[in-house]
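Below, each chain spelled out in residue letters.
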Amino acid sequence: MNDERTFDHRPDPELGAALRRALDSVDPPRDDQAAFVARVMARYDGALADATVPTWEVLAAWSRRGIVLAAAAAVIGGVLLGRALQTPEPQATLDAALTPIALINATDPPDASVVFASLVEQR
Amino acid sequence: MPPDSPAQPPQGAARIAGEAELVAQTLAGERAAFGVLVERYAPQARRVARAVLGDPDEADDAAQDGFLSALVKLGQFDARRPFGPWLMRIVANAATDRRRRRQVRRVELLDPGLVGGGPRPDTEAVRSELGEHLRAALAELPPRRRTAVVLFDVEGYSHAEIAEMLGIPEGTVRSEVFHARRRLRALLADWKGA
C-alpha cells in the first residue's frame, strides 16, 4: 500500500481490492447479480408507466384551467357590460344645459340680474 | 473506468460510443439494451449503495431505485459523456436519499456483530475476517467519505468525476479520500500486524 502521509492521486490497488472483497462478500452472500438484474428489469415497465403522464391528462389539466379562465373572463365582461348599460347618456353640451333659451333668442344684450337669476335657478 | 462484469465492455471512446448506442436503443424502446446496461453496472452500483448505506438489503433497494430513476431520466443523458459517472451519481443520490429518509444513527445500519470490532465466532476464512473489519471501518467513516474512497479506490473514478457525482468540490473529494485511506490503511496495518 502507499504511504498514508502523502496523497496519491492514483487508486490504491491493494486497498481497493480489499474494499471490493469486503463490499461484495456481505453476509448473507449477495453474488446473485442475475437475480438483481431480473429484479430491476421486472420494474422496467412500471417505472416508465409511473413516469409517463398520459396525453389526455395533460389536455384535461389544460381544459380545466381554460374553463376557469373563461368563467373569470365572462364574469368580468358581464360586470363591465352591465356598468356600461346603466351609465346615463351625457348632456349635449355644458352651454346648452346652463343657458336658458330666452337668453339665446334675445336680440338685446341681457340684463345682468336676469342672467344671475337664471343661473341661480339652474342650481 | 470500466465497470466489472463477466463480459468487460470496450474502453475509452469505444465504450462511450457503445454505451451511447445502448442508451439510444433503450430510448427507442428496446428493453434488452437497458438490460445490458443494468447487467454491466449492477455490481458497481450495488457496491456504491452499500458504501453509502451499509445495509446490503437496503443498498440493493437503493441501487434498484437508481437504475429505474436513470431509466426515466435517460433522455437527459449526454451521450458524448461516459455513462458510468452519470449513473453512479443517480445511484449515490438514491442511496443518500434513502439514508436521509431513515434518519437513523449510522451504527444502526450495520450488522451489530460488525460494530463490535472483533471477529465473529463463525469466521472461517482470513479474507472474510478482513472483510468484516473493513466493513466495520467503512461504517465508522462519514457517509460521504466512505462513498468517495469506494468510488476512487474500488471503482476507479477520477476525483473530478466523483466531485460531479457527489456535488462537492474536487479538493473536498481529495481530502475525503485522503482521510478515509488513512483510517482504512491503519486498520489494515493493525490487522496484518496482529
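Anything mentioned here points back to the structure above.
Model, not experiment: these values are computed from the prediction.

## Notes on the overall build of chain B
Within chain B, the regular secondary structure consists of nine helices and zero strands. Ordered by position from the N terminus, the helices and strands of chain B form the series α-α-α-α-α-α-α-α-α. Every one of the 194 residues in chain B was classed for burial, and the buried ones make up 50%. Taking the intrachain contacts of chain B between residues at least 6 apart in sequence as the baseline, contacts between residues at least 24 apart amount to 63%. When the accessible surface of chain B is summed, it comes to about 8400 Å², and 52% of that surface belongs to carbon and sulfur atoms.

## Things to note about the nonpolar core
The biggest cluster of nonpolar side chains holds 46 residues, and the ones touching the most others in it are Phe34(B), Phe67(B), Phe83(B), Leu87(B) and Met88(B). For this core, the element with the most residues is helix H2 (residues 31-53) of chain B, which contributes eleven residues. Once residues lying within four places of it in the same chain are set aside, the contact partners of Phe83(B) are Glu19(B), Val23(B), Leu37(B), Tyr41(B), Leu74(B) and Phe77(B). Counting residues in hydrophobic clusters, the runner-up holds 18 residues, among them Leu15(A), Ala51(B), Ala180(B) and Leu188(B).

## A look at the interface of chain A and chain B
Contacts between the two partners involve 39 residues from chain A, matched on the other side by 48 residues from chain B. Counting each side, the surface lost to burial between chain A and chain B is near 4100 Å², with a carbon and sulfur contribution of 62%. On inspection of chain A and its partner chain B, the count reaches five salt bridges. We note a salt bridge from Asp24(A) to Arg47(B), for which the minimum N-O separation is 3.2 Å. Looking at the side of chain A that touches chain B, the elements that each hand over two or more residues are helix H1 (13-24), helix H2 (33-42) and helix H3 (44-51) of chain A. For the side of chain A that touches chain B, the leading source of residues is H1(A), giving ten residues.

## Re the pattern of salt bridges
Going through the model one piece at a time under the given rule, you end up with 19 salt bridges over all chains. Between Arg100(B) and Asp97(B) there is a salt bridge whose closest N-O contact spans 3.9 Å. One end of the pair, Arg100(B), and the other, Asp97(B), are both in helix H4 (residues 83-102), three residues apart, so they sit about a helical turn from each other. One network of salt bridges, in which partners are shared, links Asp24(A), Arg47(B) and Glu155(B).

## Focus on the packing of aromatic side chains
Residue and element names in this part refer to chain B. This model, assessed by the stated rule, comprises six aromatic pairs over all chains. Ring centres of Phe77 and Trp86 lie 5.2 Å apart, and the angle between their planes is 50°; this geometry places the pair in the tilted category. Exposure class is identical for Phe77 and Trp86. Each is buried. These aromatic residues form a ring-pair network of at least three members: Tyr41, Phe77, Phe83 and Trp86.

## Focus: the packing of H2(B) against H4(B)
Residues and elements named next belong to chain B. Interaxial distance between H2 and H4 falls to 9 Å at its minimum, and their mutual angle equals 40°. When the axes of H2 and H4 are compared, the pair comes out oblique. Crossing hand, H2 versus H4: right-handed. Contact with H2, carried on its side by Leu37, Tyr41, Gln44, Ala45, Val48, Ala49, Val52 and Leu53, involves Phe83, Gly84, Leu87, Met88, Val91, Ala92, Ala95, Thr96, Arg98 and Arg99 of H4 and no other residues of that element.

Scoring rules and cut-offs
Counting from 1, residues in each chain are numbered in the order their sequence is written. For naming, the first written chain is A and the first written ligand is 1, with later ones following in the order written. Only residues with pLDDT of at least 70 get local features here, since the model is predicted, and only at 80 or more are side-chain atom pairs given and counted; chain-wide, interface and lining totals rely on the full set of residues. Based on all heavy atoms of the structure, the side-chain values leave hydrogens and waters out of the count. Each helix is a run of DSSP H or I of at least 4 residues and each strand a run of E of at least 2, with the numbering of both proceeding from the N terminus. Partly exposed describes any residue whose relative accessible area lies between the buried limit of under 20% and the exposed limit of over 50%, with all areas from a 1.4 Å probe on protein chains only and scaled to the type maximum. Contacts were defined at the residue level, with two residues in contact if any of their heavy atoms lie within 4.5 Å. Exposure was quantified through the Shrake-Rupley algorithm and a 1.4 Å probe, taking into account, for residues, occlusion by the shown protein chains and nothing else. What we call a nonpolar core is a set of buried Ala, Val, Leu, Ile, Met, Phe, Trp, Tyr and Cys residues that are connected through their side-chain atoms within 4.5 Å. Buried area: the sum, over both parts, of the accessible surface (1.4 Å probe) that disappears when the two are put together. Within this document, salt bridges are pairs made up of a side-chain nitrogen of Lys or Arg and a carboxyl oxygen of Asp or Glu, the two lying within 4 Å of each other. Ring geometry is summarised as follows: Phe, Tyr and Trp rings, the Trp one being its six-membered ring, pair when their centres sit within 6.5 Å, and such pairs are stacked at plane angles under 30 degrees, edge-to-face over 60 and tilted between the two. Lines fitted to C-alpha atoms define the axes here, with helix axes fitted over just the stretch in contact, and angles between the N-to-C directions of these axes take values from 0 to 180 degrees. Roughly parallel refers to an angle under 35 degrees, roughly antiparallel to one over 145, roughly perpendicular to one between 65 and 115, and oblique to any angle outside these ranges. In a left-handed crossing the near helix is turned counterclockwise from the far helix by less than a right angle, and in a right-handed crossing that turn is clockwise.

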